[in-house]
Amino acid sequence: MPLRRVLVANRGEIAVRVVRACADEGIESVVAVSEADRDSRAALVADRAVCIGPASATSSYLDIPRVVAAALGTGCDAIHPGYGFLSERPELPEACADNGLVFVGPTADTIRRGGDKAAARQLATSLGIPVGAGSDTIADGVTARDVADRVGYPVVLKAAAGGGGRGMVLVESADAVEAAFEGASREAQAAFGDGRMYLERFITRARHVEVQVLADTHGSVVHLGERDCSAQRRYQKLVEEAPATAVPLDVRKALREAAVELARALDYVGAGTVEFVVDAETGDYAFLEVNTRVQVEHPVTEMVTGIDIVRAQLQIAGGLPLPFSQDDVRLDGHAVEVRINAEDPYRGFAPGPGTVSRWVEPVGGGLRIDTHCFGGYRIPPHYDSLLAKVIAHGADREEALRRLDRGLRKLVVDGVPTTVPMLLAVIEAPEFRAGTHHTRWVEQELMPSLSAPQATPKPAAAPA
Amino acid sequence: MSLTPADLQALISAFDASEWDEMTLVLDGANIQLSRIGQPPATAAGAQPRPAPDPRTASPSRRPSGGAHLPAATAAGAIGSPADVAPVPAVEAGERSTELILEHTSGVHRVTSPSVGVFWRAPDPSAPPFVEVGGRVDPDDPVCIIEVMKLFNHVQAGAGGVVRSVEVENGAMVEHGQTLFLIDLDG
């Protein structure tokens, strides 16, 4: 049954984005806000806002009973979780089902099977999709050395309980493996209460490529092409683009097929992303993980396909079939997105909460700005520092980057520091222009070369 | 005398219809300030010299009391009434804003909801309410239950005094920070 009224269980730009999709679908939106977000843009543009708790996310955005109570109390028939917060917690779709609400996303079972790294890796292997060369859990340093000798150096030791870049140790040569294993396992035990380690061959020049999929409740699974998110800092994406033109087309086609196959095997419903790592030198690829939600970088895919992914999520959750087939999906031109954070790149990326005294968005063809900011907006100190995403579309990568560059230079943000100067440095760097960058390039090569603020391109704050 | 929400509504209507920019009323210990400029009147604090709070902080103590019988002020415009979503209580662009300030330091204590949830005045449907208007409460006395998905949270009065008003209908949904009761403080 098509949705009538949706509770948006999130904040920031993604809450605004979901409200927009609801408006486009003719669905009423209710935004669940914390005390700190009562006057947020999402609260103001939605049909209604409901304050569910104090600023602390654990008592508001992360509190499933409060979120469900807000949905029931306002007569919503569905909950959209956005990304982050509760979006990949299987308990939320379960609580929705218990209370007669629709969860905009896959089932709890799919979230569990897709989210468990070991289980997802096994599923991929069973489908013949390559996973990183390496081991299951390793018992001791001697075994670690045996495995490392087999897969070849460098290798990376990973804590089974780690994630998001934590609990990883890079090992360059055989004589260092055993000691590294003992140390890393001890640290993992201390940090995660779980000393289990596994080992993978380390790809020196890795590209992060991910495939967007959409699946409806009628058995249709399609991909919307892939995104390249190789410009990262500390495993956090900075710049994302579609399609992944730096990766050979035959590899991209293999990734797209693998993603659809994996989604089918997971009985996937809704929007999801299958992430891969691609070795820039050999073209070999390996499955990384499945993200069972809409992603921050979904707009670049929307820009090249013309398909509104969040509206599709709402349609699928309402039981409607996808209105297009795989053959209808066409990739048009190129799109690039940057994430603008309220952080000072010259002070160790220290977050800078405060008041955005002026906010003026750039204009121009092919530009899109997804944001919750406005002049006078006070950035609460309780949440992440994402201010906006600036997305540029062009007939080709050159044009998209030219538009993005100008857009970033004409964006006016006063009152708080932003990462714009660093983002400009990224997209203007010859390596990025040539598409030869990799996931560690920003930290290893670009950042050390970044000079003082006055020598680095800054966004033009003055009127032209 | 005690002020009911209807009294406050009447006051605000009269103020809205007037040409005044601000109005201050001191009644029986309650200090009521109305202003068109979206700021507490600078001079109104006379009896209690305190810095004028920033209206943008929109703290619960300066929201229209939670029964939503009052016109929504600008800052609270999007935070809806507990009623159905359809009549969105939006403030028309350009409409003159009316900020109601009920100075709870001057003898009235507001009991606010600790969470979103359902407001229950009694421990179970067959039991009498925890408190009635005119009844005395001690700070630790339970005054209501906020139900969040079968979790029943008792809310305490938080101050000793006499219950002046109940601001929410039994069984209604309330938001975090919404006013549930007004209590006339002892002394």
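In this text the structure is predicted, and so the values were computed from the model without any measurement.

1. Notes on the overall build of chain A
Counting secondary structure elements, chain A contains 15 helices and 22 strands. Across the 464 residues of chain A, 57% fall into the buried class. Sequence separation of at least 24 residues holds for 67% of the intrachain contacts in chain A that already meet a minimum separation of 6. Of the accessible surface of chain A, which amounts to about 17800 Å², a share of 51% is contributed by carbon and sulfur atoms. Side chains of chain A carry 49 positive and 63 negative charges; the gap between the two charge centres is 5 Å.

2. Quick word on the overall build of chain B
Along its length, chain B carries 1 helix and 11 strands. Secondary structure elements of chain B occur, N-terminal to C-terminal, as α-β-β-β-β-β-β-β-β-β-β-β. The 187 residues of chain B split such that 45% are buried. Within chain B, residue pairs in contact and separated by at least 24 positions form 57% of the contacts whose partners lie at least 6 positions apart.

3. A short note on the nonpolar core
Most often, soluble globular proteins have nonpolar side chains that are buried together. All names here are of chain A. Of all hydrophobic cores here, the largest spans 43 residues; its most connected members are Leu3, Leu214, Leu224, Leu314 and Phe324. Counting residues per element, the ones that place at least two in this core are β1 (5-8), α1 (12-25), β2 (28-34), α2 (41-45), β3 (48-53), β10 (221-233) and α11 (309-317). No other element matches the 7 residues that α1 contributes to this core. When residues no more than four places from it in sequence are discounted, the contact partners of Leu214 are Ser220, Val221, Val222, Leu224, Gly270, Ala271, Ile307, Ile309, Ala312, Ile316, Leu322 and Phe324.

4. Considerations on the sheet that holds strand β6 (residues 136-137) of chain B
Residues and elements named next belong to chain B. With antiparallel pairing, 4 strands are arranged side by side in an open sheet as β4-β11-β9-β6. Looking at the sheet topology across the chains shown, the edges are occupied by β4 (108-112) and β6. Two elements, β4 and strand β11 (residues 179-185), share 5 bridges in a ladder whose sense is antiparallel. Bridged to His109 within β11 is Ile183.

5. Side note on the packing of helix α7 (residues 141-151) of chain A against helix α8 (residues 177-192) of chain A
Residue and element names in this part refer to chain A. α8 packs onto α7 with a crossing angle of 125 degrees between their chain directions and a minimal axis gap of 8 Å. On the basis of the axis angle, α7 is oblique to α8. Crossing hand, α7 versus α8: right-handed. In this structure, α7 uses Gly141, Val142, Ala144, Arg145 and Ala148 to contact α8, whose residues at the interface are Val177, Glu178, Phe181 and Glu182.

6. Considerations on the side chain of Asp77 of chain A
Residues and elements named next belong to chain A. The residue Asp77 is located in the loop between α3 (64-73) and β4 (78-80) in this model. Looking at Asp77, its side chain comes within polar contact range of the main-chain nitrogen of Arg4, at 2.9 Å. Setting aside residues no more than four positions away along its own chain, Asp77 makes contact with Leu3, Arg4, Arg5, Leu101 and Val102.

7. Let's talk about helix α6 (residues 117-126) of chain A
The periodicity of an α-helix, 3.6 residues per turn, causes residues three or four positions apart to be oriented the same way. Residues and elements named next belong to chain A. Residues of α6 that are buried: Ala120, Arg121 and Ala124. Projected down its long axis, α6 carries its buried residues within an arc of 100 degrees, all on one side. Facing away from the buried side of α6 by over 90 degrees, the exposed positions are Gln122 and Ser126. As for α6, its buried residues are in contact with α5 (108-115), β8 (197-201), α9 (249-265) and β13 (285-291). Once α6 finishes, Gly128 follows within two positions and takes phi at roughly 80 degrees, a positive value.

8. Considerations on the pairing of β3 of chain A
Residue and element names in this part refer to chain A. The buried fraction of β3 is high, at 6 of 6 residues. Bridge count between β2 and β3: 5 bridges; the pairing is parallel. Bridge pairing in β3 links Val30 to Arg48.

9. Structural notes on the environment of Gly75 of chain A
All names here are of chain A. Considering the arrangement of structural elements, one finds Gly75 in the loop between α3 and β4. In sequence terms Gly75 and Leu7 are 68 residues apart; their C-alpha atoms lie 9.1 Å from each other. Ignoring sequence-local partners within four residues, the contact set of Gly75 consists of Arg4 and Arg5.

10. A closer look at the pattern of salt bridges
All names here are of chain A. With the rule as written, the count across this model stands at 43 salt bridges over all chains. We note a salt bridge from Glu240 to Arg339, for which the minimum N-O separation is 2.7 Å. Here Glu240 is found in strand β11 (residues 236-242), whereas its partner Arg339 is found in strand β14 (residues 334-341), with 99 residues between them in sequence. Pair check on accessibility: Glu240 and Arg339 agree, each one buried.

11. Examining the environment of Glu275 of chain A
Residue and element names in this part refer to chain A. By the element assignment, Glu275 lies in strand β12 (residues 270-279). Residue classification places Glu275 among the buried residues on the basis of a relative accessible area of 5%. Aside from chain neighbours lying at most four places away, what touches Glu275 is His208, Val209, Glu210, Lys237, Ala286, Phe287, Leu288, Glu289, Asn291 and Gln295. At a separation of 3.5 Å, a polar atom in the side chain of Glu275 contacts the side chain of Gln295.

12. Structural notes on the packing of aromatic side chains
Residues and elements named next belong to chain A. A complete count under the given rule lists 6 aromatic pairs over all chains for this structure. Ring centres of Tyr61 and Tyr383 lie 5.6 Å apart, and the angle between their planes is 75 degrees; on these two criteria the pair is classed as edge-to-face. Of this pair, Tyr61 sits in the loop between β3 and α3 while Tyr383 is found in the loop between β20 (377-378) and β21 (386-394), placing the two residues 322 residues apart along the sequence. Residue classification places Tyr383 among the buried residues on the basis of a relative accessible area of 13%.

13. Things to note about the confidence of the model for chain A
For chain A, per-residue confidence averages 92 on the pLDDT scale, and residues scoring 70 or more make up 96% of the total. Below a pLDDT of 50 lies the segment residues 454-464 of chain A, which in the model reaches 26 contacts outside its immediate sequence neighbourhood of four places, other chains included.

14. What about helix α13 (residues 420-428) of chain A?
Residue and element names in this part refer to chain A. Burial analysis of α13 places 8 of its 9 residues in the buried class, which makes it a mostly covered element. Taken together, the buried positions of α13 are occupied by Val420, Pro421, Met422, Leu423, Leu424, Ala425, Val426 and Ile427. Elements that come into contact with the buried residues of α13 comprise β10, β11, β14, α12 (397-410), α14 (430-434) and α15 (441-449).

15. Focus on the sheet that holds β10 of chain A
Residue and element names in this part refer to chain A. Across the sheet, 8 strands lie side by side as β13-β12-β9-β10-β11-β14-β21-β19; this open sheet has antiparallel pairing. The outermost strands of the open sheet, each flanked by one partner alone, are β13 and β19 (367-371). When strand polarity is set aside, the average angle formed by the axes of neighbouring strands in this sheet is 25 degrees. As paired elements, β10 and β11 share 4 bridges and run antiparallel to each other. In the sheet register, Ala231 faces β11, and the bridge partner there is Val239. In the packing of α11 onto the sheet, contacts are made with β9 (206-215), β10 and β12, and the angle to β9 comes to roughly 40 degrees.

16. Some details on the confidence of the model for chain B
In the predicted model, chain B carries a mean pLDDT of 70, and 57% of its residues have values of at least 70. Reported confidences for the modelled complex are a pTM of 0.79 and an ipTM of 0.75.

Thresholds applied
- Residues numbered from 1 in each chain as written.
- Chains lettered and ligands numbered in written order.
- Predicted model: local features only at pLDDT ≥ 70, side-chain atom pairs only at ≥ 80, totals over all residues.
- Heavy atoms only, no water.
- Helix = DSSP H or I, 4+ residues; strand = E, 2+ residues; numbered from the N terminus.
- Buried < 20%, exposed > 50% of the residue type's maximum accessible area, 1.4 Å probe, protein only.
- Contact = heavy atoms within 4.5 Å.
- Areas by Shrake-Rupley, 256 points an atom, 1.4 Å probe, with all protein chains shown as cover.
- Lys, Arg positive; Asp, Glu negative; His and termini not counted.
- Charge placed at Lys NZ, Arg CZ, Asp CG, Glu CD.
- Core = buried A, V, L, I, M, F, W, Y, C linked by side-chain atoms within 4.5 Å.
- Pairing = 2+ DSSP bridges.
- Axes fitted to C-alpha atoms, helices over the stretch in contact; angles between N-to-C directions.
- Parallel < 35°, antiparallel > 145°, perpendicular 65-115°, else oblique.
- Left-handed = near helix turned anticlockwise from the far one by under 90°.
- Polar contact = N/O pair within 3.5 Å; in protein donor to acceptor, adjacent residues only side chain to side chain.
- Arc of directions from axis to C-beta.
- Salt bridge = Lys/Arg side-chain N within 4 Å of Asp/Glu carboxyl O.
- Phe/Tyr/Trp six-rings, centres within 6.5 Å; stacked < 30°, edge-to-face > 60°.
- pLDDT = per-residue confidence, 0-100.

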